[in-house]
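Per-entry structural report
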Amino acid sequence: MFVPPPAGAASPVPPPADVGSPMPPLEGVDPLREDVDLDYPGEKEPQKFYNHGRKILALEQPHEAWFQDVLTASGLKDLCEIGYTVIHNRMLMEFAERWHPKTSFFHLPHGEVTITLDDVSCLLHILIRGALLRHGRMRKEEARNLLVEELVPDPLDAVEDVDKTHGAHVRYSFLVQRYTDALVAARYADGDLAEVEIHRQHGWILQHFQMIIGWGSMQEYIEVWPRARAFIPLRGIQTVEPYRVYLDHIVAEDTRYDAYATHCETRLFDDIALFSGWLACSSTITVPYLPEHVIRQFSYCQTIPRHPFVSVRLGLTRRQIDDIFADYQNHMVPDEARATRIERD
């Protein structure tokens, strides 16, 4: 799970204003220098994490082929089985305190770690190639038309909900109602009248820091499932102190770097995980992705990495960022950084 910087913190590099506009560099400072403090002054506000896992898991998921076949074809079937109904806010807060937004690393006593594209693939079983969203910024009128075309037969319903959100999006309750209505209609059409009634980061932390407290293992877990399903967060610790002590004294031996050794047959390693550069989503979210700096997470001997600016150049437009990612094979971690494999027991 990606942990963003605290609310109000300055971004290391302002995101592109739109698809064709360049990303303006910060004037007079190197945003990746350790001695430049770009964070906001004063005490940090307490973090609050919102968890909608319980709501999602409560949605009915029909077992009939007409539903499961479509879900499988979408590539999201495994994702529907993942969700933590318990969120350890204090644990996430301590990791967030160690997050470096300029480089996308967690800074720990024994070095840097990050969430890699391989983590995303193995934990969630979703694709790590291509674009997450195929559209740019959308106006309210376009959102209404799309809702009518794809979800809502009555244009007035689409207009009403878009107006309530004051933007090109709808409420969760609106989507739940459409989902429920679609299931009911499908079952009536199928003649099944008796049945017409009606989630990061936790996974990444538990996968790589398995000595941390507050979780259990799912005894029934099998490797064909996403790795995020192997853990069960437990209720209990509501203070930050145990997590702070753990992270302040953690050593390399406490971090599991070969977390997916037994999962490789289910989820083959995709070399795009060794791409080095900007990752982007929509027209406003861009983050540096620098696996060369944490190459030991890929079972290679850690070498001295290149300067981050070699990979995450400033002044790129969003279109250039997309083109570089599409041409990832020419923007990989250099061969010399992958020269020595680490043999693990």
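Placed above this text is the structure.
**Overview of the sheet that holds strand β1 (residues 99–100)**
Strand pairs in the sheet, formed through backbone hydrogen bonds, run parallel or antiparallel to each other. Spatial ordering of the open sheet is given by β1-β2-β3, a layout of three strands whose pairing is antiparallel. Edge positions in the sheet fall to β1 and β3 (111–113), since each of these pairs with one other strand and no more. Here two bridges tie β1 to strand β2 (residues 105–108), and the two strands are oriented antiparallel to one another. Directly across from Trp-99, in β2, lies its bridge partner Phe-106.

**Thoughts on the packing of aromatic side chains**
Under the criterion given, the structure shown has six aromatic pairs. Here Tyr-221 and Trp-225 contribute two aromatic rings whose centre-to-centre distance is 6.0 Å and whose plane-to-plane angle is 75°, an arrangement assigned as edge-to-face. According to the relative accessible area criterion, Tyr-221 is buried, its value standing at 14%. Through a chain of ring-to-ring contacts, the aromatic side chains of Phe-95, Trp-99, Phe-106 and Phe-209 assemble into a single cluster. When the ring centre of Trp-225 is taken as origin, the NZ or CZ atom of Arg-229, which lies over that ring, is 3.8 Å away. Note that Arg-341 overlies the ring of Tyr-300, its terminal NZ or CZ placed 4.4 Å from the centroid.

**Considering the packing of helix α3 (residues 89–97) against helix α9 (residues 241–248)**
Between α3 and α9, the least distance of the axes is 8 Å, while the angle of their chain directions is 35°. The element α3 and its partner α9 pack so that their crossing is right-handed. Each of Arg-90, Met-91, Glu-94 and Phe-95 in α3 lies in contact with α9, whose residues at this interface are Tyr-243, Arg-244 and Leu-247. Split by residue class, the contact of α3 with α9 holds four nonpolar, no polar and three charged.

What counts and how
- Residues numbered from 1 in each chain as written.
- Predicted model: local features only at pLDDT ≥ 70, side-chain atom pairs only at ≥ 80, totals over all residues.
- Heavy atoms only, no water.
- Pairing = 2+ DSSP bridges.
- Helix = DSSP H or I, 4+ residues; strand = E, 2+ residues; numbered from the N terminus.
- Phe/Tyr/Trp six-rings, centres within 6.5 Å; stacked < 30°, edge-to-face > 60°.
- Buried < 20%, exposed > 50% of the residue type's maximum accessible area, 1.4 Å probe, protein only.
- Lys NZ or Arg CZ within 6 Å of the ring centre and 35° of its normal.
- Axes fitted to C-alpha atoms, helices over the stretch in contact; angles between N-to-C directions.
- Left-handed = near helix turned anticlockwise from the far one by under 90°.
- Contact = heavy atoms within 4.5 Å.
- Nonpolar A, V, L, I, M, F, W, Y, C, P; charged D, E, K, R; others polar.

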